[in-house]
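Coordinates in review
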Amino acid sequence: MDTASKPYYTATGLLAAVLGAALFSGAFWVTSEGGPIPVEWPEIFSSPVHFTPLFALPLGLFWLGGRRLGVMGLLVLAVGMTLVHWLAMTEAISVAQSARQDHLEGVVAGATGGAIGSVGTWLLLILMGPAFRTARAASLMAFGAVLLIAIGAYGVGIGSFANLGALVGGRPFTGPELQPADLIVNLYLPWQVVYGATLVALFRARPPLGG
């Protein structure tokens with residue numbers, strides 16, 4: 001099977017990324033306190049890391065159908081994304097709890113989570129094949145990481161344009177309360193859409209299996 005027999009439909013991949021982000025946020029909101037089906041999750045699931053496979057599923061099926069991934073590769077990527085997400089959330093919470101002395105604690109915590117979530121995934125991809133070790137891939141990873149770090153910092157530590165203006169002006173401000181709806185709008189949806197779009201762009205250079 002040659003590469004031309006399995007074209008890579010970037011627009012379909014982007015739709016899969018948006019669908020995955022919507023599935024994740026939808027499940028988080030529905031089961032959160034105040035949602036239609038609130039669930040008292042165990043402490044280990046206090047952050048919605050367990051919904052990460054819902055985000056990964058549409059993208060994984062897109063790559064599986066285009067033979068950019070096999071079943072085992074899909075499982076490895078889904079598990080890897082979940083572990084990276086868990087590490088990112090754990091470290092972000094740790095940073096926030098150990099730096100309560102000023103209004104920048106949430107900004108630093110969000111940036112930390114964004115950095116770990118993006119770079120951790122890129123390292124996993126680098127181990128998956130040479131298509132992710134090129135100069136093009138490195139530039140996409142670097143650009144994506146910068147955006148994801150910025151979104152993490154905004155979503156966790158800033159949360160509004162008024163607070164962003166205060167930060168730029170060097171004025172103190174009160175960070176967002178991080179309620180489910182705020183997290184979805186300011187953090188999860190934009191972060192995962194950009195994350196997914198970066199992944200779609202990176203996988204474009206990966207030839208079909210058996211090609």
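Located above this text is the structure these notes cover.
Residues numbered from 1 in each chain as written. Predicted model: local features only at pLDDT ≥ 70, side-chain atom pairs only at ≥ 80, totals over all residues. Heavy atoms only, no water.

Regarding the overall build of the chain
- Along the backbone of the chain there are 7 helices and 0 strands.
- The N-to-C order of helical and strand elements in the chain reads α-α-α-α-α-α-α.
- The C-alpha radius of gyration computed for the chain amounts to 18 Å, which stays within 12% of the reference 17 Å derived for 211 residues, consistent with globular compactness.
- C-alpha atoms of the chain, sized along the principal axes, occupy 60 × 40 × 25 Å.
- By the burial criterion, 43% of the 211 residues in the chain qualify as buried.
- Of all intrachain contacts in the chain linking residues separated by at least 6 positions in sequence, the fraction that spans at least 24 positions is 75%.
- Total accessible area on the chain is roughly 10600 Å²; 72% of this is exposed by carbon and sulfur atoms.
- Of the charged side chains in the chain, 9 are positive and 9 negative; the average position of the first set lies 24 Å away from that of the second. (Helix = DSSP H or I, 4+ residues; strand = E, 2+ residues; numbered from the N terminus. Rg over C-alpha atoms; globule rule 2.2 N^0.38 Å. Buried < 20%, exposed > 50% of the residue type's maximum accessible area, 1.4 Å probe, protein only. Contact = heavy atoms within 4.5 Å. Areas by Shrake-Rupley, 256 points an atom, 1.4 Å probe, with all protein chains shown as cover. Lys, Arg positive; Asp, Glu negative; His and termini not counted. Charge placed at Lys NZ, Arg CZ, Asp CG, Glu CD.)

Section: a nonpolar patch on the surface
- Together, Ile 37, Val 39, Trp 41, Ile 44, Phe 45, Trp 86 and Leu 87 make up an exposed nonpolar region whose accessible area comes to about 650 Å².
- In this fold, Ile 37 is placed in the loop between helix 1 (10-31) and helix 2 (52-65).
- When its relative accessible area of 53% is taken as the criterion, Ile 37 is described as exposed. (Patch = residues over 30% accessible without salt bridge, like charges linked within 9 Å, V, L, I, M, F, W, Y side chains within 5 Å. Salt bridge = Lys/Arg side-chain N within 4 Å of Asp/Glu carboxyl O.)

Focus on the nonpolar core
- Among the nonpolar cores identified, the biggest contains 38 residues, and Trp 63, Leu 77, Trp 122 and Leu 125 are the most heavily contacted of them.
- The set of elements that each furnish at least two residues to this core consists of helix 1, helix 2, helix 3 (71-98), helix 4 (105-128), helix 5 (135-158) and helix 7 (180-203).
- Considering each element in turn, this core owes the most residues, 10 residues, to helix 7.
- Setting aside anything within four residues of it in sequence, one finds Trp 63 in contact with Tyr 8, Arg 68, Leu 69, Leu 77, Leu 199, Val 200 and Phe 203.
- Counting 6 residues, the second-largest nonpolar core is a separate cluster that includes Val 107, Ala 153, Ile 158 and Phe 173. (Core = buried A, V, L, I, M, F, W, Y, C linked by side-chain atoms within 4.5 Å.)

Considerations on unusual backbone geometry
- Positioned with a positive phi, Arg 67 is a non-glycine residue whose angle comes to about 60°.
- Position of Arg 67 among the secondary structure elements: in the loop between helix 2 and helix 3.
- On the accessibility criterion, Arg 67 (33% relative accessible area) is partly exposed.

Observations regarding the packing of aromatic side chains
- Applying the stated criterion to the full structure yields 11 aromatic pairs.
- With a centroid separation of 5.4 Å and an interplanar angle of 85°, the aromatic rings of Phe 28 and Tyr 188 are classed as edge-to-face. One end of the pair, Phe 28, is in helix 1; the other, Tyr 188, is in helix 7, and 160 residues separate them in sequence. In terms of burial, Phe 28 and Tyr 188 fall into one category: buried.
- Aromatic rings pair up to connect Phe 24, Phe 28, Trp 41, Phe 51 and Tyr 188 into one cluster. (Phe/Tyr/Trp six-rings, centres within 6.5 Å; stacked < 30°, edge-to-face > 60°.)

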